[in-house]
Amino acid sequence: MDSVVQLQRQLVDYTVQLFNEGLLDDQFNQLQQLQDESNPDFVVEVVTLFFEDSERLLDELAKALEQQSVDYTKIDAHVHQLKGSSSSIGAQRVQKVCIDFRNFCEERNIEGQVYLQLTCQKCLHQVKREYSLVKTKLETLFKLEQKVLAAGGSIPWPM
Amino acid sequence: MANSFSSSSSSSSLSMKFDFDEKPHVLAVDDNLIDRKVIERLFINSTCKVTTAENAKRALEYLGLADGQHPNHNDLKVNLIITDYSMPGMTGYELLKRIKESPTLKEIPVVVVSSENIPTRINQCMQGGAQEFLLKPLQLSDATKLRCHIEKLNNPLQGGVAREDERA
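Predicted model only: the values in this text are computed from it and were never measured.

1. Quick look at helix H1 (residues 4-20) of chain A
Residues and elements named next belong to chain A.
In step 1: Look at H1: 24 Å from first C-alpha to last across 17 residues, which is about the 24 Å you get at 1.5 Å a residue.
In step 2: Within the span of H1, buried status applies to Leu 7, Gln 8, Leu 11, Val 12, Tyr 14, Thr 15 and Leu 18. An end-on view of H1 places all buried positions within 165° of arc, on one side of the element. Turned more than 90 degrees from where H1 packs its buried face, Val 5, Arg 9 and Asn 20 sit exposed.
In step 3: The elements touched by buried residues of H1 are helix H6 (113-150).
In step 4: Gly 22 sits one or two residues past H1 and shows a positive phi near 80°.

Below you can see the structure in the form of structure tokens.
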């Protein structure tokens, strides 16, 4: 069984890695700052909301892209939402691929419809990939936090 | 009809006067659920009461400015309205205009927030009477700065900003 110090070390190292890889940005720190004794689960709550909302949006996007006649305004609206929420929690790479996705949608009048549909599907695939990655990493992060707390330690924030 | 706005505390003041013991009341309008949660926490942590609305229409209803409503401002006390710019239906800019056109509510400072840094958009909102235009994502420093501003506006004798436009 790891000691509290070892667990804290693991948590810090893991978190720093996520920042270094660009998966998380300073906005995640901002969320941590908003968490206190009166609201000890704020970050987990917001991130959980983000997971639920993102999965809903990704489903909507997949459905929208399967339509005979694709509604690109709707697609843009969904991606805009996902861009916004990923930005608000500091999921930097998800935000970035959403921006790329929107840029592709804006060029829709230039190329043919089939090409556009395929491009958007590719963009969606990238967004799904980045989202799954950050979700897995954040879930691991929260598990590490729980281990530290269970061992009687405190979360050393900021890192 | 589902309740689409929520308050962080149950009662609202019967008085329009801003008391020292009372927390400023912020109305936050944003169609994004995560953003609503974050903005709410930002302002609660800056010792404000927060009511959130998921779109401009709900915000207008809350303020008593919706079509067909008779504004009853005796028990409504809002010290700051913070609204997202891009919302479906009515934009934050259109909401701003509606508030500024109201004889009774035009004095409430309205801050517009947006994830996009577009100068024409910023100018449009400032011309429309916005207190400020801020970029998302909002940070704690933005909320504390706005809270100080609300205090000054409500307590002008306490070293607040002089109202240049009211001098004869």
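2. Observations regarding the nonpolar core
In step 1: Counting residues in each nonpolar core, the largest one holds 65 residues, and the members touching the most others are Ile 75, Ile 89, Phe 101 and Leu 138 of chain A together with Phe 43 and Ile 82 of chain B.
In step 2: The element best represented in this core is helix H3 (residues 42-66) of chain A, accounting for 13 residues.
In step 3: Every residue in contact with Phe 101 of chain A, bar those within four places of it in the chain, is listed here: Ile 75, Val 79, Cys 120, Cys 123, Leu 124 and Val 127 of chain A.
In step 4: Core analysis: the next-biggest nonpolar cluster, separate from the first, contains 24 residues, Leu 27, Leu 95, Val 112 and Cys 125 of chain B among them.

3. Considering the confidence of the model for chain B
Residues and elements named next belong to chain B.
In step 1: Summing up the model confidence of chain B, the mean pLDDT is 84 and the portion of residues at 70 or higher is 77%.
In step 2: In the model, residues 9-17 has pLDDT below 50 throughout and makes 16 contacts with residues more than four positions away in sequence or in other chains.
In step 3: ipTM for the predicted complex: 0.89, alongside a pTM of 0.85.

4. Section: the pairing of strand S6 (residues 132-135) of chain B
The side chains of a regular strand alternate, residue by residue, between the two faces of the sheet.
All names here are of chain B.
In step 1: Alignment of strand S5 (residues 110-114) against S6, held across four bridges, turns out to be parallel. Within S6, the residue paired with Val 111 across the bridge is Glu 132.
In step 2: Taken together, S5, helix H4 (residues 119-127) and S6 form a β-α-β motif whose crossover is right-handed.

5. Things to note about the pairing of S5 of chain B
Residues and elements named next belong to chain B.
In step 1: Summarising burial for S5: five of the five residues are buried, a large majority.
In step 2: Both faces of S5 are covered, namely the face carrying Val 110, Val 112 and Ser 114 and the face carrying Val 111 and Val 113.
In step 3: Taken together, the four bridges between strand S4 (residues 80-84) and S5 define a ladder with parallel strand orientation. By the bridge assignment, Ile 82 is partnered in S5 with Val 111.
In step 4: Tracing the backbone out of S4, into helix H3 (residues 92-100) and back to the parallel element S5 gives a crossover that is right-handed.

6. Concerning the state of the cysteines
Residue and element names in this part refer to chain A.
In step 1: Inspection of every chain in the model, using the stated rule, returns zero disulfides over all chains.
In step 2: Cysteine Cys 98 shares no disulfide, and the gap to the nearest cysteine sulfur, in Cys 123, comes to 9.8 Å.
In step 3: Assessed through its relative accessible area of 0%, Cys 98 is described here as buried.

Definitions and limits used
- Residues numbered from 1 in each chain as written.
- Chains lettered and ligands numbered in written order.
- Predicted model: local features only at pLDDT ≥ 70, side-chain atom pairs only at ≥ 80, totals over all residues.
- Heavy atoms only, no water.
- Helix = DSSP H or I, 4+ residues; strand = E, 2+ residues; numbered from the N terminus.
- Expected span 1.5 Å × (residues − 1).
- Buried < 20%, exposed > 50% of the residue type's maximum accessible area, 1.4 Å probe, protein only.
- Arc of directions from axis to C-beta.
- Contact = heavy atoms within 4.5 Å.
- Core = buried A, V, L, I, M, F, W, Y, C linked by side-chain atoms within 4.5 Å.
- pLDDT = per-residue confidence, 0-100.
- Pairing = 2+ DSSP bridges.
- Right-handed = clockwise from strand over helix to strand, strands pointing away.
- Disulfide = S-S within 2.5 Å.

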